[in-house]
Amino acid sequence: MTTNPFTHRHLLGIQGLSPSEIGFLLDLSNGYVDQNRRADKKQSTLRGRTLINLFFENSTRTRTSFELAGKRLGADVINMQVSTSSVTKGETLIDTAVTLNAMHLDALVVRHPDSGAVKLLSEKVNCAVINGGDGCHEHPTQALLDALTIRRRKGRLSGLTVAICGDVLHSRVARSNIHLLNIMGARVRVVAPKTLVPAGIERLGVEVFFDMRAGLADCDIVMMLRLQNERMSGNFIPSIREYFHFFGLDYAKLAQARPDALIMHPGPMNRGFEIDSDVADDVERSVIREQVEMGVAVRMAVLDILTRPDREAV
Ligand code: CP
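Throughout, residues of each chain are indexed from 1 in the direction in which the sequence is written. Two thresholds apply to this predicted model, a pLDDT of at least 70 for residue-level local features and 80 or more for giving and counting side-chain atom pairs, whereas whole-chain, interface and lining totals are computed over all residues. Where side-chain values are given, they derive from all heavy atoms of the structure, hydrogens and water being excluded.

**With respect to the packing of helix H5 (residues 140–154) against helix H6 (residues 172–183)**
Helix axes use the C-alpha atoms of the stretch in contact, all axes being lines fitted to C-alpha atoms, and the angles between their N-to-C directions lie in the range 0 to 180 degrees. Secondary structure elements follow DSSP: runs of H or I no shorter than four residues count as helices, runs of E no shorter than two count as strands, and numbering proceeds from the N terminus. It is at 8 Å that the axes of H5 and H6 come closest, and there the two elements cross at 55°. Considered as vectors, H5 and H6 are oriented oblique to each other. The way H5 lies across H6 gives a crossing that is right-handed. Of the residues in H6, those in contact with Pro-140, Gln-142, Ala-143, Leu-144, Asp-146, Ala-147 and Ile-150 of H5 are Val-173, Ser-176, Asn-177, Leu-180 and Leu-181. Classes in brief: Ala, Val, Leu, Ile, Met, Phe, Trp, Tyr, Cys and Pro nonpolar; Asp, Glu, Lys and Arg charged; the others, Gly included, polar. Taken together, the residues of the contact of H5 with H6 sort by class into eight nonpolar, three polar and one charged. Roughly parallel means an angle under 35 degrees; roughly antiparallel means over 145; roughly perpendicular covers 65 to 115; every other angle is labelled oblique. Working rule for handedness: look at the near helix, and if it is turned counterclockwise from the far one by less than a right angle, call the crossing left-handed; if clockwise, right-handed. We call two residues in contact whenever any of their non-hydrogen atoms come within 4.5 Å of each other.

Okay, here's the thing in structure tokens:
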């Protein structure tokens, strides 16, 4: 049996993980991809365990795939509706965490609009906490599922050139991917208008391009990002029409990338804003639906690994 190098109590971000920890999670996820393609997808690894999804922001992919992941591993899964919870009566994040903790959870998945909120919460509970996205900070399981998608298609991460394009400024997906791809030896570019690039991003080990055609030249992966209007205060782009003209992914711009370059998008997509609909649906090049499939497997691996210490202690 392979030694488990993953010794963290929580998964709060990609930053700080080692190549062997990431590699181990991806290998474990790969096995769950096979399980999820079988008719009987269920096993009892987490039987008797309880998972709560606590989402303070909307989600389709992350919340549903964590629910499926928990159920396929045999756990009891509760999706807490924040809009009908006592949060609406003024209960704080910490009091909510302490209240849930008293119910003896085994894992808590949290999405919150504030960067750092998930870490704060993790300090108040006894169970494993997984960051389902905190503000503009990190979305670690998204980066892991993106890495799994790339690794299965390209056979490696190391040495690939990945262009992350669009609203980098407001994107936790971009940050987690930049960390993971750098840790695993890929070359990372960010491609965006100046208004959507955080100051000093070069310090994270990326090359910055303000011209989409130059940024996509000979890259292996084109990773598009949504314009995160919900995090914007003020105008960051002149108009959607102009943004699409210069930074929307269409076949003319894609022609600069390698002929076998993969098209990725974490979703939800805004078709016609950051990506042309035909490009998004191109069955030869786009792996957007595969990313969703990988999401369930990665979340099963994360739940499995983070609950192992408690399971092994029984
Ligand atoms: N990619 C992603 O986090 O999607 P959801 O917001 O639907 O979870």
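**A word on the sheet that holds strand E8 (residues 221–224)**
DSSP bridges decide pairing: two strands pair if at least two such bridges lie between them. Taken together, five strands build an open sheet; the order of strands is E7-E6-E5-E8-E9 and the sheet is parallel. The strands lining the two open edges of the sheet, one partner per strand, are strand E7 (206–209) and strand E9 (262–264). Direction aside, the axes of adjacent strands within the sheet are offset by 20° on average. Bridge analysis of strand E5 (residues 161–165) against strand E6 (residues 187–191) gives five bridges, and the strand direction is parallel. Within E6, the position partnered with Ala-163 by the bridge is Arg-189. H5 rests against E8 and E9 of the sheet, and its axis sits at about 165° to E9.

**Some remarks on the pattern of salt bridges**
By definition, a salt bridge exists where a carboxyl oxygen of Asp or Glu is found within 4 Å of a side-chain nitrogen of Lys or Arg. All told, the structure shown has 14 salt bridges when counted by the stated rule. A salt bridge links Asp-281 to Arg-289, with the nearest nitrogen and oxygen atoms 3.8 Å apart. For every residue, the accessible area (1.4 Å probe, protein chains only) is compared with the maximum for its type, and the residue is labelled buried under 20%, exposed over 50%, or partly exposed between those bounds. Given the relative accessible area of 35%, Asp-281 is considered partly exposed. Since its relative accessible area comes to 68%, Arg-289 is described here as exposed. Residues joined in a network through salt bridges with shared partners are Lys-154, Asp-220, Arg-258 and Asp-260.

**Notes on the nonpolar core**
Throughout, nonpolar core names a set of buried Ala, Val, Leu, Ile, Met, Phe, Trp, Tyr and Cys residues whose side chains join them through atoms within 4.5 Å. Grouped together as the largest cluster of nonpolar side chains are 87 residues, with contacts concentrated most on Leu-144, Ile-164, Leu-180, Val-222, Leu-249 and Leu-303. Looking at this core element by element, the count peaks at eleven residues for helix H11 (residues 288–313). Discounting chain neighbours no more than four positions away, the residues touching Leu-249 are Met-212, Leu-216, Val-222, Met-224, Phe-244, Leu-254, Ile-263, Glu-274, Ile-275, Asp-276 and Val-279. Counting 16 residues, the second largest nonpolar core, distinct from the first, contains Leu-54, Val-82, Leu-105 and Val-129.

**Observations concerning the state of the cysteines**
For this text, the term disulfide refers to a pair of cysteine sulfurs within 2.5 Å. Scanning the model with the defined rule gives zero disulfides in all. As a non-bridged cysteine, Cys-136 has Cys-165 as the owner of its nearest cysteine sulfur, 18 Å distant. Between Cys-219, a free cysteine, and Cys-165, which holds the nearest cysteine sulfur, the sulfur-to-sulfur gap is 6.9 Å.

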